[in-house]
Structures are given as C-alpha cells and as structure tokens.
Amino acid sequence: MILTLLTLAFLLDSSAAFGAPPNNSTCCLPMQWEGVMATIQVTTFKGQPYVITQTMNISYDYNRMKVAMVSHGNRIVQDYKKMMTYTIVSKTHCRSAKLIGPLIHCIGRGSTYLGTFQAGGPQGIKIHEYTMDSFVPGSFGRISLSDDGCLPLAQISASGASGEYSTYFDAMEYANITTTIKDPSVFDVPSPCPEHP
C-alpha cells in the first residue's frame, strides 16, 4: 500500500499540468458517497516515530452531516451537527471526543488550484488538485479530485508540533467510490455513548 501511495504521488507530481483552472473552480463532492480508504499516518510522540497503515470502508453523507469509517469490526462516526466523533468498539463500548474543523464538501473557495493532471494515459482520469490548508486549520497539503463527479481520489497533509506530537503526516487514497449509501445504519451511534469526553 505504501508503494501505491508513493507511486500515485509521483505520478501526480511528475505529470505536466495542462489547461487553465476548471470553469467552475469550486468542486463539490457528491452529497453522499462511500468506498474504500487506505491510509498511512506517520507521527512522532515524545521523540519516538510511529507509522500506522490501515484500510477501511468510508461512508460520507452531507445531508446527515456525518462520516462513518469501519475497519476490523470497529466503527468511527463523525457527527458534524454535534461536532463529536464516536469510536464504537462494540454494542456496549463507545467513547467520544470533540471534532475540530468543518465537514469538507466544496473545494476551491479559499484553496489554491494547483493544476489539472491526467492519470492512466490518454484515456485515463482527469484530476484537479487543490491546496488543503484553507479548510484544514494548522496543516498543509493537497487533495486530488476527479474531473468527472468531483470524487475524492487522494489526499496528503502534514502539520507541525502539537503538544507532545512533534510532526504529523497523513496520506489517504480512495477507491471503489459509489454515490449511494448502502446501509444508513453505519451512521448510528449506540446508546448510551458519552456526549462529552
């Protein structure tokens, strides 16, 4: 998976940008979508480096203002109406924490357009890239979105020191995206689950 992420980053960075920014420089994600997200996170805690890689199913619903991620039987639900995130390990074990920052929906307002690229040859996917620092406070990076449908393809971000964490790097790759939610119960939070950590 690391090789895949690095290869994708290389292809995006080494391709020549073509054309001007899209006519509508704002790209809005579908109101609902879900797929597979592969991540690699690198951080240092008290001087010790840590690397975490994982693959999970992700569901996004802007109408509900919720995002759900499922991996190995565990589920994380981010509720942007309540600005809380819930980690659900079982029907009886759930913990919560406060969310920071808004649910990302439209890219382009306040972001810098970095270019348009082609992946996969002449018949491949046209990709638009934007900076992320305007909508992810305290970090910098880029997000790659498809020209057709504004689907998320990849995201890379980094941030500086925060408490005992001295550096942070996060790369995400998305695949098998569909614009429907098969099972809306993925957003349900069991009761009781603490509303405040």
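Residues numbered from 1 in each chain as written. Predicted model: local features only at pLDDT ≥ 70, side-chain atom pairs only at ≥ 80, totals over all residues. Heavy atoms only, no water.

A. Spatial organisation of the overall build of the protein. Scanning the protein from N- to C-terminus turns up one helix and 13 strands. From first element to last, N terminus to C terminus, the protein shows the α and β order α-β-β-β-β-β-β-β-β-β-β-β-β-β. The proportion of buried residues among the 197 residues of the protein is 39%. Sequence separation of at least 24 residues holds for 50% of the intrachain contacts in the protein that already meet a minimum separation of 6. (Helix = DSSP H or I, 4+ residues; strand = E, 2+ residues; numbered from the N terminus. Buried < 20%, exposed > 50% of the residue type's maximum accessible area, 1.4 Å probe, protein only. Contact = heavy atoms within 4.5 Å.)

B. How the structure looks around the state of the cysteines. Throughout the structure, instances matching the rule amount to two disulfides. A sulfur-sulfur distance of 1.8 Å marks the disulfide that ties cysteine 27 to cysteine 150. Taking the torsion about the S-S bond as the criterion, the cysteine 27 to cysteine 150 disulfide, at about 140 degrees, is right-handed. Remark: cysteine 150 occurs in the loop between strand S11 (139-146) and strand S12 (152-159) and cysteine 27 occurs in strand S1 (residues 27-28); sequence separation between them is 123 residues. The same class applies to cysteine 27 and to cysteine 150, which are both buried. Across the disulfide, cysteine 28 is cross-linked to cysteine 106 (sulfur-sulfur distance 1.9 Å). Disulfide cysteine 28-cysteine 106: torsion about the S-S bond near 105 degrees, hence right-handed. Highlighted residues: cysteine 28 in strand S1 and cysteine 106 in strand S8 (residues 106-107), separated in sequence by 78 residues. (Disulfide = S-S within 2.5 Å.)

C. Summary view of the pairing of strand S9 (residues 113-119). Where S9 meets strand S10 (residues 125-131), six bridges bridge the pair, whose relative direction is antiparallel. Across the sheet, glycine 115 pairs through a bridge with glutamate 129, a residue of S10. Counting the residues that bridge the hairpin from S9 to S10 gives five residues, and of these glycine 120 lies at a positive phi of roughly 90 degrees. (Pairing = 2+ DSSP bridges.)

D. Seen up close, the environment of leucine 151. Its place among the elements puts leucine 151 in the loop between S11 and S12. What leucine 151 contacts, discounting residues up to four positions off in sequence, is Pro30, Ser144, Leu145, Ser146, Ile177 and Thr179.

E. The nonpolar core, seen in detail. Of all hydrophobic cores here, the largest spans 20 residues; its most connected members are Met37, Ile58, Val67 and Leu145. With sequence-adjacent residues up to four places away left out, valine 67 is seen in contact with Ile58, Ser59, Tyr60, Ile76, Val77, Gln78, Tyr80, Leu103 and Phe187. Within the second largest apolar cluster, 10 residues are counted, among which are Ala68, Met84, Tyr86 and Ile88. (Core = buried A, V, L, I, M, F, W, Y, C linked by side-chain atoms within 4.5 Å.)

F. Just the environment of glycine 160, in detail. Here glycine 160 lies in the loop between S12 and strand S13 (165-178). Taking the C-alpha atoms as reference points, glycine 160 and threonine 43, 117 residues apart in sequence, are found 9.9 Å from one another.

G. Highlighting unusual backbone geometry. Its identity is not glycine, yet methionine 65 carries a phi of approximately 60 degrees, on the positive side. Within the secondary structure layout, methionine 65 lies in the loop between strand S3 (48-61) and strand S4 (66-71). A positive phi angle is found at histidine 72, which is not glycine, with a value near 50 degrees. Among the secondary structure elements, histidine 72 is positioned in the loop between S4 and strand S5 (74-79).

H. Fine view of the pairing of S4. Judged by how many residues are buried, S4 sits mostly within the fold: five of six residues are covered. Of the strand pairs in this sheet, S3 and S4 are connected by five bridges, and their pairing is antiparallel. Counterpart to asparagine 57 in the pairing with S4 is valine 70. Examined bridge by bridge, S4 and S5 share six bridges and lie antiparallel to one another. Bridge pairing links methionine 69 to isoleucine 76 in S5.

I. Broad picture of the pattern of salt bridges. Across all of its chains, the model carries two salt bridges by this definition. Residues aspartate 61 and arginine 64 are paired through a salt bridge, measuring 2.4 Å at the closest nitrogen-oxygen approach. A salt bridge links glutamate 129 to arginine 142; its shortest N-O distance comes to 2.9 Å. Highlighted residues: glutamate 129 in strand S10 and arginine 142 in strand S11, separated in sequence by 13 residues. (Salt bridge = Lys/Arg side-chain N within 4 Å of Asp/Glu carboxyl O.)

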